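Reading the structure
Below are the chains, spelled out letter by letter.
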Amino acid sequence: MSFDFDRPIPRIGTHSAKWDSLPARFGIQPEGTLPMWVADMEFAAPPAVNKALQDAIDLGVHGYYGDPASYHEAIQGWMKRRHGWDIKTNWILTTAGIVNGVNLAIQAFCRPGDGVIIQQPIYHPFAPSIRNNGCHVVGNLMKYENGRYEMDLEGLASQVDAKTRMMLLCSPHNPTGRVWTKEELTALAEFCLKRNIIIVSDEIHHDLVFDGPHTIMATISDEIADNTITFTSATKTFNLAGGHTGNAIISNPRLKAQMHRQMERCGMLASNRFGYIMNEAAYAEGDAWLDELLVYLQGNRDYLDARVASDLPGVTSVKLDATYLSWLDFSGTGMPEKDVIARFQDKAKVICNHGSSFGPGGDGFMRLNFACPRSMVVEGMDRLAEAFSDLQ
Ligand SMILES: Cc1ncc(COP(=O)(O)O)c(C=O)c1O
């Protein structure tokens with residue numbers, strides 16, 4: 001490997017949400033704790049990204065960002081090389097990250113009182129984003145059978161009505177790790193087209209795929225592209241989340257104008273200089289780094305799955321096609337969530353996201369972030385094996 005993913009990088013006292021928010025968020029000190037929750041990685045960003053930042057620091061002037069031509073070119077190159085997707089410069093709108101973009105999209109395309117579909121359990125900021133903008137959640141529970149999640153379009157058909165305006169899709173899906181097949185996505189898109197439901201496809205995890213292929217919703221057909229807003233970012237792929245920069249890619253000029261108008265109304269047409277710089281360098285020069293990262297992460301995933309199978313009887317690690325977030329099913333242990341959490345936090349000092357925070361269908365699960373040096377995954381699993389040793 002040319003990149004060192006084994007090296008632990010101390011982050012306590014660096015304004016790291018994952019480490020330094022532990023006392024406020026979980027009532028636990030970071031020293032001696034293994035934070036395996038929020039979705040950023042313990043790895044240094046690709047050298048090209050840090051070099052681009054270093055150049056900016058050497059310049060020393062940090063004024064407003066302008067002329068995004070090379071930034072757009074880097075995105076276009078990436079989407080073409082990695083996803084076979086030809087996008088045009090004028091399809092791109094840059095937001096202050098994806099959650100920001102999703103909120104703006106809800107404001108742009110929905111009216112208060114409208115329904116927005118999410119497939120639950122799902123990434124926790126989605127439901128509040130819908131509600132905070134005066135809309136209501138149409139919560140479509142996924143089918144979970146034999147350790148595998150499936151969409152439930154039949155159930156959805158009985159849930160939607162004339163006021164259902166938007167489908168907020170997570171693809172690949174967080175927290176279940178599903179990569180949706182082209183057939184599944186096509187069926188969903190047709191369902192939405194038939195009912196005049198606009199699709200917002202959050203594809204922030206689309207570079208972090210082990211078992212694909214991932215299909216970009218907007219590439220399936222022109223008709224589907226016309227009804228879709230795609231969100232992507234280099235921030236998840238390359239560990240640049242603090243840069244809070246993402247892109248809405250919209251080929252339909254009418255939808256793009258609507259989104260642009262809403263961004264203007266919120267004073268959000270200008271974005272973070274450092275976010276542009278980091279995203280451009282990552283997309284332009286990050287291929288080799290990502291290729292190695294995926295091999296490393298897959299090794300972590302496979303190690304973790306093997307340890308769960310051997311050391312945590314009654315616990316199932318849901319097969320993860322994508323993302324670095326294991327979705328661990330504790331329902332077979334018969335323990336209520338609060339007991340599982342207590343063992344993670346008080347006995348093992350391993351902090352993970354609680355399943356119930358992902359909404360209906362999440363209770364009984366824990367989401368564990370394994371994007372860290374292998375030694376930390378080993379230590380985490382040793383501690384969990386010990387904390388749950390009575391299950392053996
Ligand atoms: C599905 C999904 N969307 C969005 C985000 C966050 O995006 P941002 O930090 O750009 O708002 C995450 C972070 O984990 C995520 O999993």
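Look up: the structure comes first, before these words.
A brief look at the structure comes next. (Residues numbered from 1 in each chain as written. Predicted model: local features only at pLDDT ≥ 70, side-chain atom pairs only at ≥ 80, totals over all residues. Heavy atoms only, no water.)

On to the site of the ligand. Lining the immediate environment of the ligand, one finds A39, G97, I98, V99, Y123, C170, N174, D202, I204, H205, K236 and H244. Residue N174 places a side-chain N or O atom 2.8 Å away from an oxygen atom belonging to the ligand. Within the side chain of K236, an N or O atom sits 2.8 Å from an oxygen atom of the ligand. Compared with its free state, where it exposes 390 Å², the ligand has 92% of that area covered by protein. Judged by its atoms lying within 2 Å of the grid points, the ligand is housed in the largest pocket. Taken together, the residues of the shell around the ligand sort by class into 6 nonpolar, 4 polar and 2 charged. (Near = heavy atom within 4 Å. Polar contact = N/O pair within 3.5 Å; in protein donor to acceptor, adjacent residues only side chain to side chain. Areas by Shrake-Rupley, 256 points an atom, 1.4 Å probe, with all protein chains shown as cover. 1 Å grid on protein atoms, 1.4 Å probe; cavity = no way out; pocket = protein on both sides within 12 Å on 5 of 7 lines; lining within 4 Å. Sits in = over half its atoms within 2 Å of the grid points. Nonpolar A, V, L, I, M, F, W, Y, C, P; charged D, E, K, R; others polar.)

This structure, assessed with the given rule, holds 23 salt bridges. Put simply, K18 and E42 hold a salt bridge, and the shortest N to O gap is 2.7 Å. Here K18 is found in helix 1 (residues 17-20), whereas its partner E42 is found in the loop between strand 1 (34-35) and helix 3 (47-59), with 24 residues between them in sequence. Since its relative accessible area comes to 4%, E42 is described here as buried. The salt bridge involving D287 is made with R82; its shortest N-O contact spans 3.1 Å. (Salt bridge = Lys/Arg side-chain N within 4 Å of Asp/Glu carboxyl O. Helix = DSSP H or I, 4+ residues; strand = E, 2+ residues; numbered from the N terminus. Buried < 20%, exposed > 50% of the residue type's maximum accessible area, 1.4 Å probe, protein only.)

Evaluated as defined, the whole model comprises 18 aromatic pairs. Judged by centre distance (5.6 Å) and plane angle (70°), the ring pair of F330 and F344 falls under edge-to-face. With F330 in the loop between strand 12 (325-329) and helix 14 (337-348) and F344 in helix 14, this pair connects stretches of sequence that are 14 residues apart. Residue classification places F344 among the buried residues on the basis of a relative accessible area of 1%. (Phe/Tyr/Trp six-rings, centres within 6.5 Å; stacked < 30°, edge-to-face > 60°.)

Right, let's talk about the pairing of strand 12 for a bit. For strand 12, the tally of buried residues reaches 5 of 5 residues, placing the bulk of the element in the interior. Burial of the side chains of strand 12 extends over both faces: L325, W327 and D329 are buried on one face and S326 and L328 on the other. By the bridge criterion, 2 bridges tie strand 11 (residues 316-317) to strand 12 in an arrangement that is antiparallel. Its bridge partner being in strand 12, S317 is matched across the sheet by L328. Here strand 12 runs beside strand 15 (residues 365-369); their pairing, made up of 5 bridges, is antiparallel. (Pairing = 2+ DSSP bridges.)

The next thing to look at is a negative patch on the surface. A cluster of acidic residues, E190, D222, E223 and D226, forms a negative patch at the surface. Examining the composition of the negative patch, we find that 3 residues originate from one element, helix 9 (residues 222-226), more than from any other. Judged by its relative accessible area of 41%, D226 falls in the partly exposed class. (Patch = residues over 30% accessible without salt bridge, like charges linked within 9 Å, V, L, I, M, F, W, Y side chains within 5 Å. Lys, Arg positive; Asp, Glu negative; His and termini not counted. Charge placed at Lys NZ, Arg CZ, Asp CG, Glu CD.)

Attention now goes to unusual backbone geometry. Residues S171 and P172 are joined by a peptide bond in cis, for which omega reads -5°. With respect to the helices and strands, P172 occurs in the loop between strand 7 (164-170) and helix 8 (182-194). For N239, which is not glycine, the phi torsion reads 65° and is therefore positive. One can find N239 in the loop between helix 10 (234-238) and strand 10 (246-249).

For the rest of this paragraph, the subject is the environment of A282. Relative to the helices and strands, A282 resides in helix 12 (residues 273-285). For A282, a relative accessible area of 0% puts it in the buried group. Separated by 22 residues in the primary sequence, A282 and L304 have C-alpha atoms spaced 28 Å apart. With residues up to four places along the chain from it excluded, the contact list for A282 reads V49, W78, A234, F238 and L240. (Contact = heavy atoms within 4.5 Å.)

Among the structural elements, T176 can be located in the loop between strand 7 and helix 8. Of the polar contacts made by the side chain of T176, one reaches the side chain of H173; its length is 2.9 Å. Each residue touching T176, except ones within four places of it in the same chain, is listed here: P121, M142, Y149, V318, K319, L320 and W327.

With that out of the way, let us pick up the sheet that holds strand 10. Strand order in the open sheet made by the 7 strands is 2-10-9-8-7-3-4, with mixed pairing throughout. Two strands close off the open sheet at either side, each with one partner strand: strand 2 (92-95) and strand 4 (136-141). Each adjacent strand pair in this sheet contributes to an overall mean axis angle of 25°, direction not counted. Pairing between strand 7 and strand 8 (residues 198-202): 5 bridges, direction parallel. Note on strand 8: the bridge partner recorded for C170 is D202. Strands in contact with helix 8 are strand 3 (115-120), strand 7 and strand 8; relative to strand 7, the strand with the most contacts, it is inclined by about 165°. (Axes fitted to C-alpha atoms, helices over the stretch in contact; angles between N-to-C directions.)

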